[in-house]
Amino acid sequence: AAAPVDLSWDVQTDRSITGDRVVVFGQGSANDGTRTDRDRYIARLDITATGATADPTFNSGAAFSYNATGVLNDNNRRGIVEANGNIVSAGYTDLGCVLDNHAFIIRLDATGALDTTFGGFSDEPTIVATPGIAVFNPFKVDQGFTEAYAADFQQSTSSYIVAGYIRATGDGVPSSLGYTTTDRQDVGVFRVSSGTAASIDTGWGNNGTQVVQSEGQGYPSTEDRGRHLIVLEDGRTIVVGRYGGNPAAFVFTADGQVDTRVFGDGIIELPDDTISSQFFGIAESPDGSRVAFSTNSDDNGARIVVIKVALD
């Protein structure tokens, strides 16, 4: 009864086959009778006229689960299903004490097993480097943390762009990476190779990281969050979430710089006098000409915002 409840952050259609199949990204208790921490899981279900059943060709019909280590809580967020059936999951784990949250990116092959041609690195000695998994927190050096909420594929570089919210520094700690000392959460974006690697891609952004911070900008709040993202056909990335307490979207160039063609600072701010929410979802139209942002629920209503994409 005291175990964590099951929670799904994402459901994606599996378009690698012609049938009806979905992949569920969730988290919950290991349910082994002794452990009560939260572990991430990925399940694939066949959809029929009468319901949904576990796909027997995926992990022998069972959900794939992953426990980072010990009884630390794992958090699964959004994922994608690639054209070849590979499954990419973004999330994080609180490693406890001064280590705090680290991003975990997991890729499974179409059979539901860890894809050994991806990742294989961990920047934390307490987490064993494992093929199929990438573990990182580049802000640990300044007592910060990293949470990954979503990932998408960047075709031109065969890489994944990963976004979430982070703290670039601990309380009152100067940043050695050139960022402002964090007051509340910041938006964090990274690039990770789709192959095996030794770390995140340090040739992207600011030595592998990109951070958006509203500290010092005069907003009522300094809370910034990255919740979801898409990579456009031209390689740019749009991350949605919150900036200075308001719903916002953040646009980055293909090489990880702020796209200053968008309002000078790459930020699309969409505040509202009555709706106090943030963008949790983003979707792209099939022809790539428009994207839609959706907010979380709010007592005064919810919003969907559609914008045009100018490739030039």
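A brief structural summary.

Each value, and the rule that gives it
- Residues numbered from 1 in each chain as written.
- Predicted model: local features only at pLDDT ≥ 70, side-chain atom pairs only at ≥ 80, totals over all residues.
- Heavy atoms only, no water.
- Helix = DSSP H or I, 4+ residues; strand = E, 2+ residues; numbered from the N terminus.
- Rg over C-alpha atoms; globule rule 2.2 N^0.38 Å.
- Buried < 20%, exposed > 50% of the residue type's maximum accessible area, 1.4 Å probe, protein only.
- Contact = heavy atoms within 4.5 Å.
- Areas by Shrake-Rupley, 256 points an atom, 1.4 Å probe, with all protein chains shown as cover.
- Lys, Arg positive; Asp, Glu negative; His and termini not counted.
- Charge placed at Lys NZ, Arg CZ, Asp CG, Glu CD.
- Pairing = 2+ DSSP bridges.
- Axes fitted to C-alpha atoms, helices over the stretch in contact; angles between N-to-C directions.
- Core = buried A, V, L, I, M, F, W, Y, C linked by side-chain atoms within 4.5 Å.

1. Considering the overall build of the protein chain
Thought 1: Counting its secondary structure elements, the protein chain contains 0 helices and 21 strands.
Thought 2: For the protein chain, whose C-alpha radius of gyration is 19 Å, the value lies close to the compact-globule estimate of 20 Å for 312 residues.
Thought 3: The principal-axis extents of the C-alpha atoms in the protein chain amount to approximately 55 × 45 × 40 Å.
Thought 4: Taken across its 312 residues, the protein chain has 53% of its residues classed as buried.
Thought 5: For the protein chain, the share of sequence-separated contacts (at least 6 apart) that also reach a separation of at least 24 residues comes to 50%.
Thought 6: Just so you have it, the protein chain exposes about 13,500 Å², and 50% of that area is on carbon and sulfur atoms.
Thought 7: With 21 positive and 40 negative side-chain charges, the protein chain shows a separation of 2 Å between the mean positions of the two kinds.

2. As for the sheet that holds strand β11 (residues 145-154)
Paired through their backbone hydrogen bonds, the strands of a sheet run either parallel or antiparallel.
Thought 1: Taken in spatial order, the 4 strands line up as β11-β12-β13-β14 in an open sheet, and their pairing is antiparallel. In this open sheet, the two strands that pair with only one neighbour each are β11 and β14 (209-212). Along the sheet, successive strands turn relative to each other by an average axial angle of 25°, direction set aside.
Thought 2: Note that strand β13 (residues 186-193) and β14 share 4 bridges and pair antiparallel. In the strand pairing of β14, Gly 188 is matched with Val 211.

3. Topic: the pairing of strand β4 (residues 51-54)
Thought 1: Looking at chain direction, strand β3 (residues 38-48) and β4 are connected through 4 bridges and run antiparallel. Paired with Asp 46 across the two strands is Thr 53, which belongs to β4.
Thought 2: Linking β3 to β4, which pair antiparallel, is a turn of 2 residues.

4. A word on the sheet that holds strand β10 (residues 133-136)
Thought 1: One open sheet holds the 5 strands; their spatial order is β6-β7-β8-β10-β9, and the pairing between them is mixed. Among the strands making up the open sheet, the edge pair consists of β6 (74-81) and β9 (121-122).
Thought 2: Of the strand pairs in this sheet, strand β7 (residues 87-94) and strand β8 (residues 101-108) are connected by 8 bridges, and their pairing is antiparallel. Residue pairing across strands places Gly 91 opposite Phe 104, the latter belonging to β8.

5. Comments concerning the pairing of β6
Thought 1: Within β6, 8 of the 8 residues are buried, which leaves the element mostly enclosed by the surrounding structure.
Thought 2: Strand direction decides the pairing type here: β6 and β7, joined by 6 bridges, are antiparallel. Pairing of Val 81 across the sheet is with Ile 87, part of β7.
Thought 3: Here β6 folds back onto β7, and the loop between the two strands holds 5 residues, one of which, Gly 85, carries a positive phi near 95°.

6. Remarks on the nonpolar core
Soluble globular proteins tend to bury their nonpolar side chains together.
Thought 1: Counting 21 residues, the largest nonpolar core has Ile 105, Phe 136, Phe 139, Val 162, Phe 190 and Val 192 as its most contacted members.
Thought 2: Examining the composition of this core, we find that 3 residues originate from one element, strand β12 (residues 159-167), more than from any other.
Thought 3: Once you skip the residues sitting within four places of it in the chain, Phe 139 turns out to touch Gly 144, Phe 145, Thr 146, Ile 166, Arg 167, Ala 168, Leu 177, Tyr 179, Phe 190, Thr 209 and Val 211.
Thought 4: One finds Phe 64, Tyr 66, Ile 133 and Val 135 within the second-largest nonpolar core, a separate group that totals 17 residues.

7. As for the environment of Gly 216
Thought 1: Inspection of the secondary structure puts Gly 216 in the loop between β14 and β15 (225-231).
Thought 2: On a C-alpha basis, the gap between Gly 216 and Asp 186 in space is 13 Å, while along the polypeptide they are 30 residues apart.

From the geometry alone we can't say anything about function, so treat these as descriptive.
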